[in-house]
Each structure stands twice: as C-alpha cells, then as structure tokens.
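Overview (structure and organization)
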Amino acid sequence: MTLPIIRALISLSLDKSSRFQKPFSCYSVSVVFFSSSTATQTSKPSLYLADHFIKTHNFSPELALKAASSLVYLSDPGKCDNIISFLKESGFSKFHIEEAVKRRPTLLSSLETTIKPKFKIFRDLGFSNGDIADILSSDPWILNRSGDDRIAPSISVLKSVVGSNAGVVKLLKTSTWFLKTDLQKTMMPNIEFLRSCGISSSQILRCVFSFPRFFLHKPESIKQFAKRADEMGFDRKSNMFLVALRMLSSMSEENWELKLKLFRRLGFSEDDIMFTFKKTPQVFSVSERKIKEVTEFLLSRKNIDISFIINHPKVLICSLEHRLKPRLLVFEILESKNMLSRKVNLATLFMMSEKQFREKYVRPYLKELEKASVAIVGS
C-alpha cells in the first residue's frame, strides 16, 4: 500500500504547487527547452518561430517545435499566420488546426498555390466548411494531390457510389486513400465485378463503408480471391461470398497456412475447417491466441465437444472473459440447481444480447446466483 499512497501525495503536491505557477504556454519555448537535447539540435530561427506559434496561436511547446523545425526555410511567420487565419475563417476549430499541423507541419507554408485551390474544389462540389475541416484535418496530405486530376474525379466517383456528400465525408473520415488512387482503375472495376457475381448493391455499399480498403485492391487480385472462394465451394449468390473475398484479401498465404495448422492442432479435420470458414469466414480474422483459448475453454466444459464449435463458429469471435465464461458459469449454476424449466441452447445463450441475457437468466434468479457466488468465493 505504501507506493500508491506515496504516488497520491506526490500528485497532490504537484497539483497545489501548480496553482501558483504561470501556465506552461506563457513561457518562451527557448527557455523551456533551452537545456534539453531538443534545443541543442534546433536552430535559433526555429526556436523563434516556435515561440511565435505558442504566443500567437497557443500551440503546445511540442507542436510548436515540430512545426517550426519543419519550416526552417520560412523567414516570415506572417505566412503561417495568414494560413491559420484562413483555416479559422473556413470553419477549422483549434482542434482541426492542431491535428492538421501535427500530421503535416508544412501545411503552414503554402496558402495560394496549395490550400485555396483544394478548398475551392471541395466547395464547388458542394461540401460545407465543416465537412472540409473534418476531411483535411484527418489527412492534410490530401492537399498534395492534384486537384483536377485526382481529388475532383475521385470525389465524383465516390459520390456516384455512396449517393451523397454526407456519405463521401463519412467514408473519407475513415479512409482518405480514395483520394490518392485512380478509382476508375481500382474501385469501379471491382464493384462491377462484384455485381457480375450476383452481389447486391446494398451489400457492396455496406462493405464500402465497413472495409473501404478492400475496394482499392487491383481488380486482378479481387478476381483471384473470387477464384479461391469458388474452389472452396462458396456460392457466389450467398451473402457469405463477399465476406469470404474480404477475408481472403486480408490474409497472406503464410497467415492462411498458420490458421489451418492451428485448427488442425485443435482437433479440426480438413472438412471441419472448410465448413467453419464457409459458415463464418470472419473467424479467420480472429487471433490465433484467442481461437486457441476459446476452443480449449469450451472443450474443457461438460456437454460441449468440437462439433458444437464447428456448427456455431461465431463463438470463436465472442469475448472469452466478458461473454463466454460468465454466461456459461450462470448456466451451470442454474442447471446444477435444476432451476431451468427447459433445455437451454448454448449457442443461443452465447449469441443473445446482454440485455436479453440479463432479463432471462440473471434477474429472475438473483438470490440463487448471489448465494452461489458467495459459496464459490468462499470455497
């Protein structure tokens, strides 16, 4: 107990002493960092610019130094001030500006030739200032892309796929890679191929939002994944076909073989493995450690054998500590006391929502479960 008490006392002492000190940002960065290794490697002009960022724009010392060290060629901080003012006037919050500068400090060096033209493209395409701030702060390197040759055409393609600017913004917040590649050579041929396989537009659209990078594979690669899925016996009209393609695209041949070896070691036959993958391809995205721990735990319980896992592979995706163990414990307690009026389907028990589980198996038996928990702790 001594160590936590000491830490608490130190924390309190620091809190009290800090009340009588000036805010950190009030100090010149050259004073704060003068004796540090950072200062010895930073030129005087950089320190001057960093001081300017702190005093004028309230940047943190770390961000100020990072930006200044990337802008050593600038002799006039007024350029940076003009850019920051433009960003503020264009709807960027302090958070947006700091995130953009953190990711690309050289953003603060070119207003007329880099920033304004790209803002104009987004505005002409119907995006609000807030939309532009969200997109560019998440990946300011977009500003390096050619406006007419890359950004505008890519956004037009995305809008034709997702149907609205709001959808484009949502998509670009998670993956700005769409603005860094020629979508007419990747995304659109891939979508056309998937449609030719019988996959519905609604399923494709859901996949675009959930797994955007999948659509940036080379079309030849997507066709190769489809060929492998065909060989495994997937029906192209099945909802699992696209899921299988995505899983195959996310795994190298080496990782695929490692998963196969793991399942074999756990007692799965070749047919069992293929049946499991065809039923729930997502299982192959689960870590080897988790697959092993869940399988070994379930097989250690009475009345559960490997056929249960093969027929209900989604259990391998469930959390072992937060779902499988506590629910199985509740079930075993209630079963041992003959309190269950009908046979319980364990797959249903594991898959139902947390609310449903509490309402059906916890609330009606609170007293009995409390007594059992006391007995377990005391044993």
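Just above sits the structure.
Residues numbered from 1 in each chain as written. Predicted model: local features only at pLDDT ≥ 70, side-chain atom pairs only at ≥ 80, totals over all residues. Heavy atoms only, no water.

1. Describing the overall build of the protein chain
Broken down by element type, the protein chain carries 23 helices and 0 strands. Considering the protein chain as a whole, with its 379 residues, one finds that 43% of them fall into the buried category. Across the protein chain, the fraction of contacts at a sequence separation of at least 24, relative to all contacts at a separation of at least 6, is 69%. (Helix = DSSP H or I, 4+ residues; strand = E, 2+ residues; numbered from the N terminus. Buried < 20%, exposed > 50% of the residue type's maximum accessible area, 1.4 Å probe, protein only. Contact = heavy atoms within 4.5 Å.)

2. A few points about the pattern of salt bridges
Pairs can form between side chains of opposite charge once their charged atoms are near each other. This structure, assessed with the given rule, holds 17 salt bridges. We note a salt bridge from Asp124 to Lys120, for which the minimum N-O separation is 2.8 Å. A residue pair is termed a helical-turn pair when its members lie 3 or 4 positions apart in one helix, as Asp124 and Lys120 do in helix α8 (residues 111–124) at 4 residues. Each of the two residues, Asp124 as well as Lys120, counts as exposed. In this structure, Arg363 engages Glu359 in a salt bridge whose closest nitrogen and oxygen atoms are separated by 2.9 Å. With relative accessibility at 49%, the residue Arg363 sits in the partly exposed group. Through salt bridges that share partners, Glu99, Lys102 and Arg103 make up one connected network. (Salt bridge = Lys/Arg side-chain N within 4 Å of Asp/Glu carboxyl O.)

3. Quick look at the nonpolar core
Core analysis: the largest hydrophobic core is formed by 115 residues, its most contacted members being Phe53 and Leu194. Broken down by element, this core gets its largest block of residues, 7 residues, from helix α20 (residues 320–336). What Leu194 contacts, discounting residues up to four positions off in sequence, is Ile199, Ile204, Phe214, Phe215, Ile222, Leu242 and Leu245. (Core = buried A, V, L, I, M, F, W, Y, C linked by side-chain atoms within 4.5 Å.)

4. Quick word on the side chain of Thr295
If you trace the backbone, Thr295 turns up in helix α18 (residues 288–299). For Thr295, a relative accessible area of 0% gives the class buried. Setting aside chain neighbours within four positions, we find Thr295 in contact with Leu266, Phe268, Ile309 and Leu316.

5. Overview of the packing of helix α12 (residues 187–196) against helix α13 (residues 201–210)
Working note: a packed helix pair is described by the angle between its axes plus the distance between those axes. Contact geometry of α12 with α13 gives a least axis separation of 10 Å together with a crossing angle of 140°. Taken together, the axes of α12 and α13 are oblique relative to one another. For the crossing formed where α12 meets α13, the hand is right-handed. Seen from α12, the contacting residues are Met187, Ile191, Leu194 and Arg195; seen from α13, they are Ser201, Ile204 and Val208. Looking at side-chain class alone, the contact of α12 with α13 contains 5 nonpolar, 1 polar and 1 charged residues. (Axes fitted to C-alpha atoms, helices over the stretch in contact; angles between N-to-C directions. Parallel < 35°, antiparallel > 145°, perpendicular 65-115°, else oblique. Left-handed = near helix turned anticlockwise from the far one by under 90°. Nonpolar A, V, L, I, M, F, W, Y, C, P; charged D, E, K, R; others polar.)

6. Concerning helix α16 (residues 253–265)
For α16, spanning 13 residues, the distance from its first C-alpha to its last is 19 Å, which sits close to the expected 18 Å at 1.5 Å a residue. Of all the residues in α16, the buried ones are Trp256, Lys259, Leu260, Leu262 and Phe263. Buried residues of α16 fall within an arc of 160° about the axis and therefore sit on the same side. α16 presents Glu254 and Arg265 as exposed residues on the side facing more than 90 degrees away from its buried surface. Looking at the buried side of α16, the elements it contacts are α14 (219–231), α15 (239–249), α17 (270–279) and α18. Looking at the residues trailing α16, positive phi occurs at Gly267, about 105°. (Expected span 1.5 Å × (residues − 1). Arc of directions from axis to C-beta.)

7. Overview of the packing of α14 against α15
It is at 9 Å that the axes of α14 and α15 come closest, and there the two elements cross at 120°. In terms of orientation, α14 and α15 fall into the oblique class. The handedness of the crossing between α14 and α15 is right-handed. Contact with α14, carried on its side by Phe225, Ala226, Arg228, Ala229 and Asp230, involves Phe241, Leu245, Leu248 and Ser249 of α15 and no other residues of that element. Its residues assigned to classes, the contact of α14 with α15 comprises 6 nonpolar, 1 polar and 2 charged.

8. Some words on the side chain of His52
Tracing the backbone through its elements, the reader meets His52 in helix α4 (residues 44–57). Those residues in contact with His52, other than ones at most four positions away along the chain, are His57, Pro77 and Asp81.

9. Quick notes on α12
Residues of α12 that are buried: Met187, Met188, Asn190, Ile191, Phe193 and Leu194. Downstream of α12 by a residue or two, Gly198 has a phi angle that is positive, lying close to 95°.

10. As for the packing of aromatic side chains
For the structure on display, the rule yields 13 aromatic pairs. With a centroid separation of 5.1 Å and an interplanar angle of 70°, the aromatic rings of Phe86 and Phe119 are classed as edge-to-face. Of this pair, Phe86 sits in helix α6 (residues 78–89) while Phe119 sits in helix α8, and the two are 33 residues apart along the sequence. Taken together through their ring pairs, the aromatic side chains of Phe234, Trp256, Phe263, Phe268, Phe277 and Phe284 make up a single cluster. One cation-aromatic arrangement involves Lys180 over Trp177; the distance from NZ or CZ to the ring centre is 5.3 Å. (Phe/Tyr/Trp six-rings, centres within 6.5 Å; stacked < 30°, edge-to-face > 60°. Lys NZ or Arg CZ within 6 Å of the ring centre and 35° of its normal.)

What is shown is where atoms sit, not what they do.
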